[in-house]
Amino acid sequence: MSETTTPNSPAGQVDVRGPRFAAWVTTGVLVLVLVVATFSTVAAAILIAVQAIVFALGALTGPRRSPYGRLFAALVAPRIGAPTETEPVPPLRFAQLVGLVFAVLGFLGFVTGLNIVGAIFTAFALFAAFLNAAFGICLGCKIYPLAKRLTNRAPAGSAAGAR
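What counts as what
Residues numbered from 1 in each chain as written. Predicted model: local features only at pLDDT ≥ 70, side-chain atom pairs only at ≥ 80, totals over all residues. Heavy atoms only, no water. Salt bridge = Lys/Arg side-chain N within 4 Å of Asp/Glu carboxyl O. Buried < 20%, exposed > 50% of the residue type's maximum accessible area, 1.4 Å probe, protein only. Disulfide = S-S within 2.5 Å. Phe/Tyr/Trp six-rings, centres within 6.5 Å; stacked < 30°, edge-to-face > 60°. Helix = DSSP H or I, 4+ residues; strand = E, 2+ residues; numbered from the N terminus. Expected span 1.5 Å × (residues − 1). Contact = heavy atoms within 4.5 Å. Core = buried A, V, L, I, M, F, W, Y, C linked by side-chain atoms within 4.5 Å. Axes fitted to C-alpha atoms, helices over the stretch in contact; angles between N-to-C directions. Parallel < 35°, antiparallel > 145°, perpendicular 65-115°, else oblique. Left-handed = near helix turned anticlockwise from the far one by under 90°. Nonpolar A, V, L, I, M, F, W, Y, C, P; charged D, E, K, R; others polar.

Q: What should I look at first to understand the pattern of salt bridges in this one?
A: Pairing of side chains with opposite charge becomes possible as their charged atoms draw close. Evaluated as defined, the whole model comprises 1 salt bridge. For the salt bridge of Arg-17 with Asp-15, the shortest nitrogen-to-oxygen distance reads 2.7 Å. Since its relative accessible area comes to 5%, Asp-15 is described here as buried.

Put into structure tokens, the structure is as follows:
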């Protein structure tokens, strides 16, 4: 089995339940960050830094090799049966990158004493994670086609850019 497949899914696809499980765990972590921030911004900064690392690993290695993906594969997937629906990996990796940006900005807010900035960016990440967990709407995945289109533009002087 490769990094991006489940036993019964096409190559480059993952069981949709894995990313949703990860989104639920992320939601819990981010709620904890906001609660802890009311008592200790140092502790909140540490928690959001750990979540940022999880986002970074998800963006770099994909959903199956991310920490929450590994938890899903080891503890949940064997108990729930074969996937009935899959989704492509690249948008999920991009979504993790977006989460990483929000988490880093939240971390910077907490460590610089701009606690409201830390809380706002943590809340942005929380909103996106909860939307995916509860409703199956991945904001990063929705933005992915636009980002891909913007980054794949031909240079202005090329034949493709002159159309």
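And the narrative resumes.
Q: Which parts of the structure should I look at to understand the state of the cysteines?
A: Evaluation of the coordinates by the stated rule reveals 1 disulfide. Covalent S-S linkage joins Cys-138 and Cys-141, the inter-sulfur distance amounting to 2.4 Å. Judged by the torsion about the S-S bond (65°), the Cys-138/Cys-141 disulfide is right-handed. We classify Cys-138 as buried; its relative accessible area is 11%. Note on Cys-141: relative accessible area 16%, which makes it buried.

Q: Just to check I follow, could you spell out the packing of aromatic side chains for this structure?
A: Aromatic rings in a pair are described by how distant their centres are and how their planes are angled relative to each other. In this structure the tally under the stated criterion is 7 aromatic pairs. An angle of 45° between the planes, with centres 5.9 Å apart, marks the rings of Phe-21 and Phe-72 as tilted. Note that Phe-21 is positioned in helix H1 (residues 17-37) and Phe-72 in helix H3 (residues 67-80), a separation of 51 residues in sequence. Under the relative-accessibility criterion, Phe-21 is labelled partly exposed at 23%. For Phe-72, a relative accessible area of 5% translates into the label buried. Taken together through their ring pairs, the aromatic side chains of Trp-24, Phe-130 and Phe-135 make up a single cluster.

Q: Quick question: what am I supposed to make of H1 here?
A: An α-helix turns once every 3.6 residues. As a result, residues three or four positions apart point the same way. Here H1 is 21 residues long and its end C-alpha atoms lie 30 Å apart, about the 30 Å a rise of 1.5 Å per residue gives. Taken together, the buried positions of H1 are occupied by Gly-18, Pro-19, Ala-22, Ala-23, Thr-26, Thr-27, Leu-30, Val-33, Val-36 and Ala-37. In this structure, the buried residues of H1 make contact with strand S1 (13-15), helix H2 (41-61), H3, strand S2 (86-88), helix H4 (89-111) and helix H5 (115-135).

Q: What is the right way to look at the nonpolar core in this model?
A: Among soluble globular proteins, nonpolar side chains are generally buried collectively. Leu-30, Val-33, Ala-44, Ile-48, Ala-103 and Phe-110 are the most contacted members of the largest nonpolar core, which totals 15 residues. Those elements that place two or more of their residues in this core are H1, H2, H4 and H5. Per-element tally for this core: the top contributor is H2, with 5 residues. Those residues in contact with Ala-103 that sit more than four places away from it in its chain are Ile-48, Ala-52 and Phe-55. Residues Val-14, Val-89, Ala-95 and Cys-138 belong to the second largest nonpolar core, which totals 6 residues.

Q: Got a minute to help me understand the packing of H1 against H5 in this structure?
A: Helix-helix packing is described using two parameters, namely the angle between the two axes and the distance between the axes. Interaxial distance between H1 and H5 falls to 8 Å at its minimum, and their mutual angle equals 150°. Overall, the two elements H1 and H5 adopt an arrangement that is roughly antiparallel. In this structure, the crossing between H1 and H5 has a hand that is left-handed. For the pair H1 and H5, contact is made by Pro-19, Arg-20, Ala-23, Trp-24, Thr-26, Thr-27, Leu-30, Val-31, Val-33 and Leu-34 and by Ala-119, Thr-122, Ala-123, Ala-125, Leu-126, Ala-129, Phe-130, Asn-132, Ala-133, Ala-134 and Phe-135, respectively. Of the residues that constitute the contact of H1 with H5, the class distribution is 16 nonpolar, 4 polar and 1 charged.

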